[in-house]
Amino acid sequence: MQATQRTYSVEIAGLKRELPLFRVASNVRIAVLNVLGDTALVQAAATSLANRLAELDYSVLVTAEAKSIPLIHALSVATARPYAVLRKSYKPYMGDALSATTHSITTGEEQTLYLDAKDRDLVAGARIVLVDDVISSGSTLQAMRKIMGRAGAIIAGEAAIMTEGERGDWSDVIALGHLPVFGDEAAAAD
């Protein structure tokens, strides 16, 4: 008999979701927010984030591939601002792309992010907002910052649906909620 999947309840922009707990290390679990295919949540989160970003002076939104793409698209529509996606693999058509390496908490793997040459022109000298679905360890955010700095962008703000881990680490991030990291008690309940 298969064990019941443990979940963590959240409310995001007025919508309730049960997030599955996923082991990322010995005795450590995270609540996984996967917005892919959840159109209602993406739209509600984008609307809420657009309202929160209204006070910032910025002209471009930037995210990393892949789970946050529906969010940044909806956010672009809601704010009437263009967006760029940092890709996780290089393709020849991307030209003189900029790159930075990060370590993903969800995959446990090192990955490289690439800024396409066409998007370099979009962000160069622009005031930008970095967007992600969940900011946890901050490694993806750090790689995005590094690429934007090398591209000559000015980071006006950082936004996410949720932050995770130590709440104080993310006090400057505009977020709709916060997720705890689960320790021994939740992790031992396999």
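Residues numbered from 1 in each chain as written. Predicted model: local features only at pLDDT ≥ 70, side-chain atom pairs only at ≥ 80, totals over all residues. Heavy atoms only, no water.

### A short note on unusual backbone geometry
Residue Ala66 follows Glu65 across a cis peptide bond; omega there is 20°. Tracing the backbone through its elements, the reader meets Ala66 in the loop between strand E4 (60-64) and helix H2 (69-79). Of note in the backbone geometry, Ala13 takes a positive phi value of approximately 50° without being a glycine. Owing to a relative accessible area of 32%, Ala13 belongs among the partly exposed residues under this scheme. Phi angles above zero are rare outside glycine, and Ala80 is one such case at about 60°. Its location among the elements puts Ala80 in the loop between H2 and strand E5 (83-86). (Helix = DSSP H or I, 4+ residues; strand = E, 2+ residues; numbered from the N terminus. Buried < 20%, exposed > 50% of the residue type's maximum accessible area, 1.4 Å probe, protein only.)

### Some details on the sheet that holds E5
Strand pairing within a sheet occurs via backbone hydrogen bonds; the two strands may be parallel or antiparallel. Read across the sheet, five strands follow the order E5-E4-E8-E9-E10 without closing on themselves; strand pairing throughout is parallel. Two strands close off the open sheet at either side, each with one partner strand: E5 and strand E10 (174-179). Along the sheet, successive strands turn relative to each other by an average axial angle of 25°, direction set aside. Direction of pairing for strand E9 (residues 154-164) relative to E10: parallel, over a ladder of five bridges. Paired with Thr163 across the strands is His178, a residue of E10. Lying over the sheet, helix H4 (residues 139-151) contacts E4, E5, strand E8 (127-135) and E9, oriented at roughly 165° with respect to E8. (Pairing = 2+ DSSP bridges. Axes fitted to C-alpha atoms, helices over the stretch in contact; angles between N-to-C directions. Contact = heavy atoms within 4.5 Å.)

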